[in-house]
Amino acid sequence: MTETPNPNIIDADTLTGEMHPIRRAVISLGSNLGERLAALQGAVATLADTPDVWVTAVSPVYETEPVDAPEGSEKFLNAIVLADTTLPARTLLDRALAIEDAYDRDRDVLRNAPRTLDVDLVVLGDRRSETDELRLPHPRAAERAFVLQPWFDLEADGVIPGAGPIKELLESVDRTGIVRRDDLQLEIE
């Protein structure tokens, strides 16, 4: 079992002495092409193996209808990973993109097209970003049941900065087409 670092401690880089705050990361995983569960499990394992990232919880798996996807798209498997990290937002985003690349994610297709793996940073502490490369909190997370429901299962008192408590957000979104799959499990390795 992964131990959670004390969130009140500031981590110091042993080489530079630079101080890094420990922040809570909420990471959304999704897949609707190929071996969907294997891709999600691989993402969890790779995140857990990332230096300065401590995976603390993984949600139940949900099977969901694609949102704003091309006609004929298959259902997604979705999950949420909670982690504590001292990584800067950009470094964590680079890691997420590298994980997607390892699972042959094709970005040269239509927006919301089917994908082998999607790894999205939803929230990183209270960090906010509005650059072309990184938008935090995730701009559509507050509208998506496939993010809110699995996150609520792990952290009912979770909050999306600027949007509100996930409990209230979840009550305001359409939850049709989202089914909890208790027969599918993700493990923290």
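Residues numbered from 1 in each chain as written. Predicted model: local features only at pLDDT ≥ 70, side-chain atom pairs only at ≥ 80, totals over all residues. Heavy atoms only, no water.

- Looking up the protein in an unreviewed UniProt entry gives the name 2-amino-4-hydroxy-6-hydroxymethyldihydropteridine diphosphokinase, with the organism given as Nocardioides jiangxiensis.
- UniProt's Catalytic activity (unreviewed entry) comment on the protein is quoted here verbatim: "6-hydroxymethyl-7,8-dihydropterin + ATP = (7,8-dihydropterin-6-yl)methyl diphosphate + AMP + H(+)".
- What UniProt states about the protein under its Pathway (unreviewed entry) heading is, verbatim, "Cofactor biosynthesis; tetrahydrofolate biosynthesis; 2-amino-4-hydroxy-6-hydroxymethyl-7,8-dihydropteridine diphosphate from 7,8-dihydroneopterin triphosphate: step 4/4." (UniProt positions renumbered as here; feature names shortened; annotations may be inferred.)

Considerations on the overall build of the protein
Right, on to step 1. For the protein, the helix and strand inventory stands at 4 helices and 12 strands.
Right, on to step 2. Here the protein holds 189 residues, and the buried ones make up 47% of them.
Right, on to step 3. Look at the contacts in the protein between residues 6 or more apart in sequence, and 68% of them connect residues 24 or more apart.
Right, on to step 4. For the protein, the accessible area works out to roughly 9900 Å², and carbon and sulfur atoms hold 47% of it. (Helix = DSSP H or I, 4+ residues; strand = E, 2+ residues; numbered from the N terminus. Buried < 20%, exposed > 50% of the residue type's maximum accessible area, 1.4 Å probe, protein only. Contact = heavy atoms within 4.5 Å. Areas by Shrake-Rupley, 256 points an atom, 1.4 Å probe, with all protein chains shown as cover.)

Remarks on the pairing of strand 6 (residues 76-85)
Right, on to step 1. Of all 10 residues in strand 6, 10 are buried; the element is thus mostly enclosed.
Right, on to step 2. Burial of the side chains of strand 6 extends over both faces: F76, N78, I80, L82 and D84 are buried on one face and L77, A79, V81, A83 and T85 on the other.
Right, on to step 3. The pairing of strand 4 (residues 53-58) with strand 6 spans 5 bridges and is antiparallel. Residue pairing for strand 6: V55 is matched across the bridge by A83.
Right, on to step 4. By the bridge criterion, 3 bridges tie strand 5 (residues 62-64) to strand 6 in an arrangement that is antiparallel. Among the inter-strand pairings, E63 is bridged to a residue of strand 6, identified as L77. (Pairing = 2+ DSSP bridges.)

A short note on the environment of G177
Right, on to step 1. Along the chain, the position of G177 falls in the loop between helix 4 (166-171) and strand 12 (178-180).
Right, on to step 2. Owing to a relative accessible area of 31%, G177 belongs among the partly exposed residues under this scheme.
Right, on to step 3. Remark: the alpha-carbon pair of G177 and T64, spanning 113 residues in sequence, is separated by 5.4 Å.
Right, on to step 4. Contact partners of G177, with chain neighbours within four places excluded, come to E63, T64 and E65.

With respect to the pairing of strand 3 (residues 23-31)
Right, on to step 1. Burial of strand 3 is extensive: 8 of the 9 residues sit out of reach of the surface.
Right, on to step 2. As paired elements, strand 3 and strand 6 share 9 bridges and run antiparallel to each other. Across the sheet, A25 pairs through a bridge with A83, a residue of strand 6.
Right, on to step 3. Bridge analysis of strand 3 against strand 7 (residues 118-124) gives 6 bridges, and the strand direction is antiparallel.

A closer look at the layout of surface pockets
Right, on to step 1. Counted as a void, the second largest pocket has a volume near 160 Å³.
Right, on to step 2. Forming the walls of the second largest pocket are T64, E65, V67, D68, E143, R144, A145, F146, D174, T176, G177 and I178.
Right, on to step 3. Its residues placed into classes, the lining of the second largest pocket shows 4 nonpolar, 3 polar and 5 charged. (1 Å grid on protein atoms, 1.4 Å probe; cavity = no way out; pocket = protein on both sides within 12 Å on 5 of 7 lines; lining within 4 Å. Points joined across faces, edges and corners; volume = space filled by probe spheres on them. Nonpolar A, V, L, I, M, F, W, Y, C, P; charged D, E, K, R; others polar.)

Points about the environment of D118
Right, on to step 1. Considering the arrangement of structural elements, one finds D118 in strand 7.
Right, on to step 2. Take D118: its relative accessible area is 12%, and that puts it in the buried class.
Right, on to step 3. A sequence separation of 75 residues divides D118 from A43, and the C-alpha atoms of the two residues are 9.3 Å apart.

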